[in-house]
Amino acid sequence: MVGACTKRQDTVIPPWQSETTASDIYDLPQIEQTGEMIALTLTGPDTYYDYQGSHLGVHYLLAEQFASHLGVRLRIEVCRDTTELLRRLHAGKDADLGVLPLTADSVSPGWMVGSNKPELRNALQQWYQPQLLADARAAERRMLTQPRVTRRVHAPMLRRGVISLYDEMFKRYSRGIGWDWRLLAAQCYQESTFDPEAVSWAGAKGLMQIMPKTADHLNLPRDMMTDPEQNIAAATRYLHELDHEFSYIHDRTERQNMVLASYNGGISHIQDAMRLCTRDNRNAQRWADVREYVLKLKDPQYYQDTLVRYGYMRGTETADYVDRIRARYSEYARKVRQ
């Protein structure tokens, strides 16, 4: 049974409520001993979602702050629905918090703590202030509205027949993935405007804006992430991996569009959009059709669909990313020889 905390006249209800009973005690001392707090949530714009290699969501940011306050790591696990979340929270050791969005009035409880965790609940009550939630909302708003990349804007074309200082690198490494080097250059312009020192708020670096974890996966040393050639070489290795995932799409242009969309928005979200596309008898190998579902993944009726495995997506930016690269590539193809 879920019991909500009651509001006293002299207090403000914080965003949590008491939940469940369990025989085994796994409370704050055990969490501190393992160094990890496990929070269950649902995907959504207010709770938790992937955004260009980073995680966002107001409640996720707030939970991160609480974990930091406790001196432990936060591990988020996404549940399919509230039934799964409550079942796992009831187990006691399987999770520590249930992090749900606030109701419309912004006063009703939203987080849940197992009743077998009184010390964790007390720590949360002592730490939480209503202003923290407002601050988390403001922080996310800044992340989403500020320029994604801090960079020095370079001219798109230095002189006739030349796109950038890095044309020879684009030519060399594009051969390995079978791309027109001018398409790779157009993607690079979209990522960094050819600034090797460009850094995003999420930590992506270099000409092709590679995230640190992706750099690790690609065997690109982190201290070499801003090296132009190393960065381009690693990016093309990643593009090659993505291209392999879509090898069943025989039309090269359509396959490249899926790769570009995945590079920006994450392949899992693109595959979610493709599954929805197939369900609705649309062409999942045609970007124009998949693009529509990338945009629809911001709506609950789509990101909560059982076919969708990775939830909410801010698809507008990914759709715009592909559109801009294609437009710039067309310009380069007209003006610069292959």
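Figured I'd write up the structure that's included with this text.

Rules and cut-offs
Residues numbered from 1 in each chain as written. Predicted model: local features only at pLDDT ≥ 70, side-chain atom pairs only at ≥ 80, totals over all residues. Heavy atoms only, no water. Helix = DSSP H or I, 4+ residues; strand = E, 2+ residues; numbered from the N terminus. Contact = heavy atoms within 4.5 Å. Areas by Shrake-Rupley, 256 points an atom, 1.4 Å probe, with all protein chains shown as cover. 1 Å grid on protein atoms, 1.4 Å probe; cavity = no way out; pocket = protein on both sides within 12 Å on 5 of 7 lines; lining within 4 Å. Points joined across faces, edges and corners; volume = space filled by probe spheres on them. Nonpolar A, V, L, I, M, F, W, Y, C, P; charged D, E, K, R; others polar. Buried < 20%, exposed > 50% of the residue type's maximum accessible area, 1.4 Å probe, protein only. Pairing = 2+ DSSP bridges. Salt bridge = Lys/Arg side-chain N within 4 Å of Asp/Glu carboxyl O. Phe/Tyr/Trp six-rings, centres within 6.5 Å; stacked < 30°, edge-to-face > 60°. Lys NZ or Arg CZ within 6 Å of the ring centre and 35° of its normal.

The next point concerns the overall build of the chain. Each helix and strand in the chain was counted, giving 14 helices and 10 strands. Counting contacts in the chain only where the partners sit at least 6 residues apart, residues at least 24 apart contribute 65% of the total. Only carbon and sulfur atoms are counted for the fraction: they give 47% of the accessible area of the chain, which is about 16500 Å².

It is worth spelling out empty space enclosed by the protein at this point. Overall, the coordinates contain 1 cavity of 30 Å³ or more when judged by the stated rule. Of the pockets and cavities examined, the largest cavity occupies roughly 50 Å³. Taken together, Asp 50, Tyr 51, Gln 52, Gly 265, His 269, Met 313, Arg 314 and Thr 318 make up the full set of residues lining the largest cavity.

In this structure, the largest pocket spans a volume of roughly 1200 Å³. Along the wall of the largest pocket there are 48 residues; nearest its centre are Asp 50, Tyr 51, Gly 53, Ser 54 and His 55. Listed by contribution, the elements that provide at least two residues to the lining of the largest pocket are β4 (49-51), β5 (54-56), α2 (58-70), α8 (212-217), α10 (252-265) and α11 (267-279). Examining the composition of the lining of the largest pocket, we find that 4 residues originate from one element, α10, more than from any other. Tallied by class, residues from the lining of the largest pocket come to 22 nonpolar, 18 polar and 8 charged.

With that settled, the discussion passes to the pairing of strand β8 (residues 111-114). Burial along β8 is two-sided: Trp 111 and Val 113 and Met 112 and Gly 114, pointing in opposite directions, are all buried. Pairing of strand β7 (residues 97-99) with β8 involves 3 bridges; the strand directions are antiparallel. Along β8, the bridge assignment pairs Val 99 with Trp 111.

Another point: the pattern of salt bridges. Counting across every chain of the model gives 21 salt bridges. Notably, a salt bridge pairs Asp 305 with Arg 279, separated by 2.5 Å at the nearest N-O pair. Placement of Asp 305 in the loop between α13 (300-303) and α14 (315-335) and of Arg 279 in helix α11 is noted, with a sequence separation of 26 residues between them. Asp 305 gets classed as buried once you look at its relative accessible area, which sits at 15%. Residue class for Arg 279 comes out partly exposed when judged on its relative accessible area of 36%. Lys 335 serves as the salt-bridge partner of Glu 331, at 3.4 Å between the closest nitrogen and oxygen.

Taken as a whole, this structure holds 10 aromatic pairs when the rule is applied. Consider the rings of Tyr 48 and Tyr 60, whose centres lie 5.3 Å apart with planes at 65 degrees: the pair is edge-to-face. In this pair, Tyr 48 sits in the loop between β3 (36-41) and β4 while Tyr 60 sits in helix α2, placing the two residues 12 residues apart along the sequence. We note that Tyr 48, like Tyr 60, is buried. Judged by centre distance (6.2 Å) and plane angle (50 degrees), the rings of Phe 170 and Phe 194 are tilted. On the criterion of sequence distance, the pair formed by Phe 170 in helix α6 (residues 167-174) and Phe 194 in the loop between α7 (181-192) and β10 (199-200) is long-range, its members being 24 residues apart. Assessed through its relative accessible area of 0%, Phe 170 is described here as buried. Each residue in the set Tyr 49, Tyr 303 and Tyr 312 is aromatic and connected to the rest through ring pairs, giving one cluster. Of note, Lys 171 hangs over the ring of Trp 181, and the distance from its end group to the ring centre comes to 5.0 Å. Against the face of Tyr 293 rests Lys 296, its NZ or CZ located 4.5 Å from the ring centre.

A separate point is the pairing of β3. Counting buried positions along β3 gives 5 out of 6 residues, so the element sits mostly inside the fold. Note: β3 against β7, 3 bridges, orientation parallel. Pairing of Ala 39 across the sheet is with Leu 97, part of β7.

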